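# Overview (structure and organization)
Here is how the chains run, residue by residue.
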Amino acid sequence: MKLLIAVIQDKDSSRLSNALIKEGFRATKLASTGGFLRAGNTTFLIGVEDERIQQVLDVIRANCKIRDQLVTPVSPVSGAADSYIPFPVEVQVGGAAVFVLPVERFEHF
């Protein structure tokens, strides 16, 4: 058995949750915040049998899309902030970061 930890963008959360339920997977959703863009994320905790890992990864891949987004950089903490003129830059956001961890024991009550 494995524990998949999937960190995804909030925009994909409902779609992924519905797709996981449709495929028969149970997951716990946690609100989280990204460090780079300081934007809302959702972290899914998914317990799955070893032989179904690829199926879960396929569901995540199909429902969590990478997209381009314009962001304005945060002003520097040190230095002359009054001369800092932020210009929006385009970055890729979305997709999923998935960690697969071994589970020694699982109990469901």
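Quick summary incoming for the structure in this document. (Residues numbered from 1 in each chain as written. Predicted model: local features only at pLDDT ≥ 70, side-chain atom pairs only at ≥ 80, totals over all residues. Heavy atoms only, no water.)

## Here's the deal with the layout of surface pockets
For clarity, the threshold we go by: Definitions used for this entry: grid spacing 1 Å over protein atoms alone; cavity, a set of points where a 1.4 Å probe fits but cannot get out; pocket, an open set with protein on both sides within 12 Å along at least 5 of 7 lines; lining residue, one with an atom within 4 Å of a point. Grid points are joined across faces, edges and corners, and a volume is the space filled by probe spheres set on the points. Elements are defined by DSSP. Helices are runs of H or I of four residues or more, strands are runs of E of two residues or more, and each kind is numbered from the N terminus. Residue type decides the class: Asp, Glu, Lys and Arg count as charged, Ala, Val, Leu, Ile, Met, Phe, Trp, Tyr, Cys and Pro as nonpolar, and the leftover types, Gly among them, as polar.
Looking at the largest pocket, its volume works out to about 380 Å³. Listing elements by their share of the lining of the largest pocket, those giving two or more residues are β1 (2–9), β2 (27–33) and β3 (40–48). Classifying every residue of the lining of the largest pocket by side-chain character gives 9 nonpolar, 4 polar and 4 charged.

## Considering the sheet that holds β1
Picture the strands of a sheet paired through backbone hydrogen bonds; they go either parallel or antiparallel. Where we set the bar: In this scheme, strands are said to pair when DSSP sees at least two bridges between them. Angles here are taken between N-to-C directions and fall from 0 to 180 degrees, while the axes themselves are lines fitted to C-alpha atoms, restricted in helices to the stretch in contact. Here a residue-residue contact requires only that any non-hydrogen atoms of the pair lie within 4.5 Å.
Pairing within the open sheet is antiparallel, and its 4 strands lie in the order β2-β3-β1-β6. In the strand order of this sheet, the two ends are held by β2 and β6 (96–102), each with one partner. Along the sheet, successive strands turn relative to each other by an average axial angle of 20°, direction set aside. One ladder, built from 7 bridges, connects β2 with β3; its direction is antiparallel. What sits directly across from Ser-32, in β3, is Asn-41. Packing against the sheet, helix α1 (residues 13–22) makes contact with β1, β2 and β3, and its axis sits at approximately 15° to β3.

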